[in-house]
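The primary structure of each chain is shown beneath.
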Amino acid sequence: MNEKEYLDAKESALKSLQDAYFNQKVDEGISETLDSINKIKGLYTSSSCAGRIVLLEIPQIGDKRGATFLGVWHRTIESKELTTAATKATVGLLWLLAQAPILHVGAQNLELADKMVKTALSCGFKNSAVKSTGKRIIIEICSTERLDAPIGRDGRLFCRDEYLSLLVEISNEVIIRSGEKLDRFTKKIRKIEDFL
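Residues numbered from 1 in each chain as written. Predicted model: local features only at pLDDT ≥ 70, side-chain atom pairs only at ≥ 80, totals over all residues. Heavy atoms only, no water.

Draft legend 1. The pattern of salt bridges, seen in detail. Considering all chains together, one arrives at nine salt bridges under this definition. Note that Lys15 is salt-bridged to Asp19, the shortest N-O span being 3.3 Å. Here Lys15 pairs with Asp19, and both are found in helix H1 (residues 3-22), just four residues apart, close to one helical turn. Judged by its relative accessible area of 36%, Asp19 is partly exposed. For Glu140, the salt bridge identified is with Lys131, shortest N-O distance 3.8 Å. A residue is classified by how much of its surface remains accessible, and Lys131, at 52% relative accessible area, is exposed. (Salt bridge = Lys/Arg side-chain N within 4 Å of Asp/Glu carboxyl O. Helix = DSSP H or I, 4+ residues; strand = E, 2+ residues; numbered from the N terminus. Buried < 20%, exposed > 50% of the residue type's maximum accessible area, 1.4 Å probe, protein only.)

Draft legend 2. Focus on the pairing of strand S4 (residues 93-99). Extensive coverage of S4 is indicated by the burial of seven of its seven residues. Burial of S4 is two-sided: the residues Leu93, Trp95, Leu97 and Gln99 facing one way and the residues Leu94, Leu96 and Ala98 facing the other way are all buried. Pairing of strand S2 (residues 52-58) with S4, which is carried by seven bridges, proceeds in the antiparallel orientation. Residue pairing across strands places Leu56 opposite Trp95, the latter belonging to S4. As paired elements, S4 and strand S8 (residues 146-153) share seven bridges and run antiparallel to each other. Its bridge partner being in S8, Leu96 is matched across the sheet by Ala149. (Pairing = 2+ DSSP bridges.)

Draft legend 3. Seen up close, the sheet that holds S4. Read across the open sheet, the five strands follow the order S3-S2-S4-S8-S9; overall the sheet is antiparallel. Either end of the sheet is taken by a strand with one partner, and the two such strands are strand S3 (68-73) and strand S9 (156-157). Note: S8 against S9, two bridges, orientation antiparallel. Pairing of Gly152 across the sheet is with Leu157, part of S9.

Draft legend 4. How the structure looks around the packing of helix H4 (residues 110-122) against helix H5 (residues 161-189). Put simply, H4 and H5 touch, their axes get as near as 9 Å, and they point 140 degrees apart. In this view, H4 runs oblique relative to H5, as classed from their interaxial angle. In terms of crossing hand, the pair formed by H4 and H5 is right-handed. Side by side, H4 and H5 meet where Met116, Thr119, Ala120 and Ser122 of the first sit next to Phe185, Lys188 and Ile189 of the second. (Axes fitted to C-alpha atoms, helices over the stretch in contact; angles between N-to-C directions. Parallel < 35°, antiparallel > 145°, perpendicular 65-115°, else oblique. Left-handed = near helix turned anticlockwise from the far one by under 90°. Contact = heavy atoms within 4.5 Å.)

Draft legend 5. Fine view of the layout of surface pockets. Computed from the structure, the largest pocket encloses a volume of approximately 270 Å³. The wall of the largest pocket is formed by Arg52, Leu56, Ile58, Ile61, Gly62, Asp63, Lys64, Ala67, Phe69, Trp95, Leu97 and Gln99. Of all the secondary-structure elements, those providing two or more residues to the lining of the largest pocket are S2 and S4. Among the residues forming the lining of the largest pocket, the class breakdown is seven nonpolar, two polar and three charged. (1 Å grid on protein atoms, 1.4 Å probe; cavity = no way out; pocket = protein on both sides within 12 Å on 5 of 7 lines; lining within 4 Å. Points joined across faces, edges and corners; volume = space filled by probe spheres on them. Nonpolar A, V, L, I, M, F, W, Y, C, P; charged D, E, K, R; others polar.)

Draft legend 6. Just the sheet that holds strand S1 (residues 43-49), in detail. Overall, antiparallel pairing links the four strands, which are arranged S1-S5-S7-S6 in an open sheet. Of all strands in the sheet, those bounded by a partner on one side alone are S1 and strand S6 (129-133). Strand-to-strand twist in this sheet, taken as the mean axis angle between neighbours without regard to direction, amounts to 25 degrees. Bridging between strand S5 (residues 102-107) and strand S7 (residues 137-142) involves six bridges; their strand directions are antiparallel. Residue pairing for S7: Gly106 is matched across the bridge by Ile138. Here H1 sits on the sheet in contact with S1 and S5, set at roughly 40 degrees to S1.

Encoded structure:
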């Protein structure tokens, strides 16, 4: 990618981020990380998520388009919040998901991409890698912590309170660990001289 193509891509990504801030669509807890990356010459962020707990209703396995988000939290939750969200369920499988943060970062060159991946790995984001080296160099930064558990069907929860509490506890641990990793990562990338 030549410099003009890179600068155009960064400008477009930063405009999208500004629009997301204006429309309050940037996840709580990730804005400092995004801002720190975007200050580095040669890097910019695109789609990103701070990590989340999700209650999802899926008509059938693999039907992402037909899925309904019954609850989405970018923070720790209580079991009561989950059971309240589950009352909106109608038909399909109910899944509880806890997902670690995921960031997509554009890089001007492979050297910067490599440094960003190594920084992410050193902070515990073990699934981080360069995902594309075609027209644009794209890095995906993510971690291994997650939970995917079927918990009901057709508007009914099938698990007992004790098991649901355990799932919520594990989900909250994913969110807490994610926040700690994001903090470490943000502190490291603020040392901009490491990337120059």
